[in-house]
Amino acid sequence: MKITINEIAKAANVAKSTVSKVINNSPTISEATRNKVLQIMKDMNFTPDSAATQLAKRASLMVGLVIDIDRKDDFLNPFFYSIIGGVESVMGLHQYDLAISNIRSQGSSTRMDLLRRFVYNNRMDGLILHTLTADQFLIDELERLGFPYAVIGRPVAEGVIAWTDGDNEIGGEIAARHLLEQGYSRIGFIGGDFGEPLAQSRLRGYKRVIPGGDAPHTYCLPGPSDETGGYSMMQALLALPEPPDAAVCINNLAAFGALKALHEADIAVPRDFGLVTFDDYPIAPYTTPALTCLDIDTFEIGVRAANLLLEKMGDPAKPIPPQLLAPKLIVRGSSKRSDL
C-alpha cells in the first residue's frame with residue numbers, strides 16, 4: 001500500500017504543508033524538523049509522487065559529477081580536471097552530457113536539495129560522487145530509489161556497491177619498501193588528515209612494511225597537505241632526539257616543503273635523507289633533486305568511474321567488485337642511493 005504525505009505528516013506530528021516544504025527543501029523549515037521528517041520518510045519507505053513518476057521514465061541523457069563546494073582545494077586541484085577528462089571520454093561516446101554539481105559538507109538539507117533537483121525531477125540519469133560527498137543519508141536514499149551512482153574513492157558510507165580508487169594501501173607499501181631497499185632504516189610518514197580515508201589508506205600500507213608499524217609511530221605526523229605543512233612537519237621530525245632518515249609524503253606540495261626544510265638544515269638528499277611522495281603532478285619531476293613518486297593515473301580513475309556508472313545504469317542492483325588502480329613507482333633522485 002502506497003504511503004501518502006498525510007501519513008508522513010501524522011507520524012511526524014506536523015502539518016501536511018510542512019512535509020511538502022521538506023520535500024521541496026524550503027529554507028523556512030528548521031534543521032531539526034527537516035531531519036525528523038526525512039527520517040520518517042526513510043523509515044516508511046516514502047517516495048514523492050513526482051519522483052516515482054519521473055524515475056520510472058528516466059531518460060535525460062545527462063549525468064552529474066558531484067563535488068563538495070566547501071573543499072576548494074579538492075576541486076581546484078589539477079587532478080580533479082584529469083578525472084573529469086576520464087569521465088567525459090567515456091560518457092561522451094555514449095551520448096551523455098556531464099554536469100558538475102556542488103554540495104556542502106554538512107547538513108541533510110543540501111543532500112535533499114541534490115535529490116530534489118537531479119533525482120526526483122529526472123534531470124540526471126546517474127551520479128558520480130566523491131566519497132566525501134557520499135554520506136550515509138544520500139547513499140541510503142539512492143539505494144532505496146534504485147538510482148544509478150558510482151563513487152570515486154574508498155567509501156565511508158556503508159552499502160556502496162560501485163566504487164573505484166587508486167590502491168593507496170599498496171602505494172603506502174611500495175613507498176615504504178622502496179626506502180628500506182635503498183638502505184634507509186628510520187622511515188616517517190608526513191601529511192594528511194589521518195581521520196580521512198585517503199591518508200588512512202596510505203598510512204595503513206606504510207605500517208604494514210615498517211618494523212613496528214602496527215603501533216603508533218613517533219615518525220608519523222598528520223598535518224596540512226601543502227608546502228607550509230610539509231616544511232613544519234619536517235622541521236618537527238628533524239628536531240627529534242633521533243630523527244628519521246627518510247619519509248613518505250602525502251603529496252607533492254608537502255614533499256616540496258619537506259625538501260625545503262632539509263636543504264635549510266644542510267641535510268643531503270638522498271645521501272643522508274630519502275623522500276618519496278604520492279603523485280607525480282605537478283612538481284615531482286622538477287624539484288632538486290627530483291622526487292621519487294607513486295603515480296596514480298587519475299584520468300583512468302575517471303574512465304573507470306564512468307564505466308561503473310554505465311553498468312549501474314544498465315542494472316542498478318548489479319553487484320560490482322571495487323575497481324582499484326595500482327600506483328606506479330617512479331624512482332628519481334630524492335631516494336635513489338643505488339642503481340635499481
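Presented here is a report on the structure given in the accompanying data block. If you're wondering where the values come from, they're calculated on a predicted model, not measured in any experiment.

Examining the overall build of the protein chain
Within the protein chain one finds 13 helices and twelve strands. Looking at the 340 residues of the protein chain, the share that counts as buried comes to 49%. Considering only residue pairs separated by 6 or more positions, the protein chain has 70% of its internal contacts joining residues 24 or more positions apart.

Looking at the pairing of strand E3 (residues 126–130)
In terms of burial, E3 is largely enclosed, as four of its five residues are buried. Pairing analysis gives four bridges linking strand E1 (residues 62–68) to E3, with the strands arranged parallel. Bridge pairing in E3 links Gly-64 to Leu-127. Of the pairings in the sheet, the one linking E3 to strand E4 (residues 149–152) comprises four bridges and is parallel in character. Note on E4: the bridge partner recorded for Leu-127 is Tyr-149. Handedness of the β-α-β unit built from E3, helix H8 (residues 136–145) and E4 comes out right-handed.

Some words on the sheet that holds strand E8 (residues 246–249)
With respect to topology, six strands assemble into an open sheet ordered E7-E6-E8-E9-E10-E12, the strand pairing being mixed. Each of the sheet's edge strands pairs with one partner strand only, and the pair in question is strand E7 (220–221) and strand E12 (328–330). Two elements, strand E6 (residues 187–190) and E8, share four bridges in a ladder whose sense is parallel. What sits directly across from Gly-188, in E8, is Ala-247. Seen against the sheet, helix H9 (residues 168–181) touches E6, E8, strand E9 (274–278), strand E10 (292–295) and E12 and runs at an angle of roughly 165° to E9.

Side note on the environment of Val-87
For Val-87, the location among the structural elements is in helix H6 (residues 78–91). Since its relative accessible area comes to 0%, Val-87 is described here as buried. Taking the C-alpha atoms as reference points, Val-87 and Asn-307, separated by 220 residues in sequence, lie 8.3 Å from one another. If we skip the residues at most four places from it in the chain, Val-87 touches Leu-98, Ile-128, Gly-302, Val-303 and Ala-306.

A look at the nonpolar core
Judged by nonpolar contacts, the single largest core of 35 residues is most densely connected at Met-41, Val-119, Leu-127, Leu-129, Leu-142 and Tyr-149. Elements with a minimum of two residues in this core: helix H1 (5–12), helix H2 (16–23), helix H3 (31–43), strand E2 (97–103), helix H7 (108–120), E3, H8 and E4. Counting residues per element, this core draws most heavily on H7, at six residues. Not counting residues up to four positions away in its chain, the partners in contact with Met-41 are Ile-8, Ile-23, Phe-46 and Met-112. In this structure, Ile-67, Val-90, Ile-128 and Ile-320 belong to the second largest nonpolar core, which totals 26 residues.

Reading the values: the criteria
- Residues numbered from 1 in each chain as written.
- Predicted model: local features only at pLDDT ≥ 70, side-chain atom pairs only at ≥ 80, totals over all residues.
- Heavy atoms only, no water.
- Helix = DSSP H or I, 4+ residues; strand = E, 2+ residues; numbered from the N terminus.
- Buried < 20%, exposed > 50% of the residue type's maximum accessible area, 1.4 Å probe, protein only.
- Contact = heavy atoms within 4.5 Å.
- Pairing = 2+ DSSP bridges.
- Right-handed = clockwise from strand over helix to strand, strands pointing away.
- Axes fitted to C-alpha atoms, helices over the stretch in contact; angles between N-to-C directions.
- Core = buried A, V, L, I, M, F, W, Y, C linked by side-chain atoms within 4.5 Å.

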